[in-house]
Amino acid sequence: MPKLSDAVRSGKLIGNLQAQECPSRSILKHVTGRWAVLTLIALQGRTIRFAALRRTIGGVSDRMLTQTLQTLEADGFVHRQAFKVVPPHVEYSLTPMGEEVAQHVRVLADWIEDNTGNILSTREEIAAD
């Protein structure tokens, strides 16, 4: 019997996030992690070097940004271009699929930014009860 992940990869089955075994869950985890969301938004519509990307994403360590970029690259969302020069020069950009997913996470991020005041007020009200 074929594995669920094989069926999804072949295109015969779409992802089902509600199914525990579905590989779409790991993709969801990769795309919706804090650093992934911020990385996807920072790369949206541009090509940027590692140091500039790190400065754009406040608070991310070199290690976390490296891991995030590697994961997003492995999933096909980020393109890494290394130039054979000294010192090393590496640029990152989004693939077409990365641009698409970045649009979706940006909508979520924009909603959070727009509603932060309401959310914080609700937290205070609940904490006061």
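Per chain, residues are indexed from 1 in the order of the written sequence. Thresholds applied to this predicted model are a pLDDT of at least 70 for local features of residues and 80 or more for the giving and counting of side-chain atom pairs; totals over whole chains, interfaces and linings are not thresholded and use all residues. Heavy atoms throughout the structure, all of them, feed into the side-chain values; hydrogens and water do not.

Trainee: An account of the packing of helix α2 (residues 24-32) against helix α3 (residues 34-43) is needed here, citing residue identities and associated values.
Mentor: Interaxial angles span 0 to 180 degrees and are taken between N-to-C directions of axes, which are lines fitted to C-alpha atoms, for helices over the stretch in contact. A run of DSSP states H or I qualifies as a helix once it reaches four residues; a run of E qualifies as a strand once it reaches two. Both are numbered from the N-terminal end. Two elements in contact, α2 and α3, have axes whose closest approach is 5 Å; the angle formed by their N-to-C orientations is 65°. For the element pair α2 / α3, the angle class is roughly perpendicular. Each of His 30, Val 31 and Thr 32 in α2 lies in contact with α3, whose residues at this interface are Arg 34, Ala 36, Val 37 and Leu 40. Split by residue class, the contact of α2 with α3 holds four nonpolar, two polar and one charged. Under this scheme an angle from 65 to 115 degrees is roughly perpendicular, one under 35 degrees roughly parallel, and one over 145 degrees roughly antiparallel; angles in between are oblique. The contact criterion used throughout is that any non-hydrogen atoms of two residues lie within 4.5 Å. As a working rule, the residues Ala, Val, Leu, Ile, Met, Phe, Trp, Tyr, Cys and Pro are called nonpolar, Asp, Glu, Lys and Arg charged, and the rest polar, with Gly in that last group.

Trainee: Any details on the pairing of strand β3 (residues 89-94)? Residues and values, ideally.
Mentor: We call a residue buried when its accessible area falls under 20% of the maximum for its residue type, exposed when it is over 50%, and partly exposed in between, using a 1.4 Å probe and counting protein chains only. In terms of burial, β3 is largely enclosed, as five of its six residues are buried. By the bridge criterion, six bridges tie strand β2 (residues 78-83) to β3 in an arrangement that is antiparallel. Counted as the bridge partner of Ala 82 is Val 90 from β3. Strand pairing is assigned whenever DSSP detects at least two bridges linking the two strands. The antiparallel hairpin formed by β2 and β3 contains five residues in its connecting segment.

Trainee: Can you tell me about the UniProt feature "domain: HTH hxlR-type" (unreviewed entry) in the chain, naming the residues and giving the values?
Mentor: UniProt positions are given in the numbering used here, feature names are shortened, and annotations may be inferred rather than shown by experiment. Those places that UniProt annotates as "domain: HTH hxlR-type" (unreviewed entry) correspond, in this numbering, to residues 22-120. As annotated, residues 22-120 has a helix share of 65% and a strand share of 14%, and its two end C-alpha atoms lie 34 Å apart.

Trainee: Summarise the environment of Leu 53; cite the residues concerned and give the values.
Mentor: Here Leu 53 shows up in helix α4 (residues 50-56). Assessed through its relative accessible area of 0%, Leu 53 is described here as buried. Sequence separation between Leu 53 and Tyr 92 is 39 residues, and the spatial gap between their C-alpha atoms is 8.6 Å.

Trainee: Now, about the environment of Pro 88: what can you tell me, with residues and values included?
Mentor: Relative to the elements of secondary structure, Pro 88 occurs in the loop between β2 and β3. Relative accessible area serves as the criterion here: at 64%, Pro 88 is assigned to the exposed category. Along the primary structure Pro 88 and Leu 17 are separated by 71 residues, whereas in three dimensions their C-alpha atoms are 40 Å apart.

Trainee: Tell me what's going on with the environment of Val 101, and back it up with residues and numbers.
Mentor: Relative to the helices and strands, Val 101 is located in helix α6 (residues 96-128). Residue classification places Val 101 among the buried residues on the basis of a relative accessible area of 15%. The spacing of Val 101 and Gln 44 is 57 residues in sequence and 9.7 Å in space, taken between C-alpha atoms. Not counting residues up to four positions away in its chain, the partners in contact with Val 101 are Val 31, Leu 40 and Phe 77.

Trainee: Describe the sheet that holds strand β1 (residues 48-49), naming the residues involved and giving the relevant values.
Mentor: What links the strands of a sheet is backbone hydrogen bonding, and the strands pair in either a parallel or an antiparallel sense. Taking strand neighbours across the sheet as the criterion, the three strands line up as β1-β3-β2 in an open arrangement whose pairing is antiparallel. Here the strands that pair on one side only, and so sit at the sheet edges, are β1 and β2. As paired strands, β1 and β3 are joined by two bridges and run antiparallel to one another. Note that in β3 the partner of Ile 48 across the bridge is Tyr 92.

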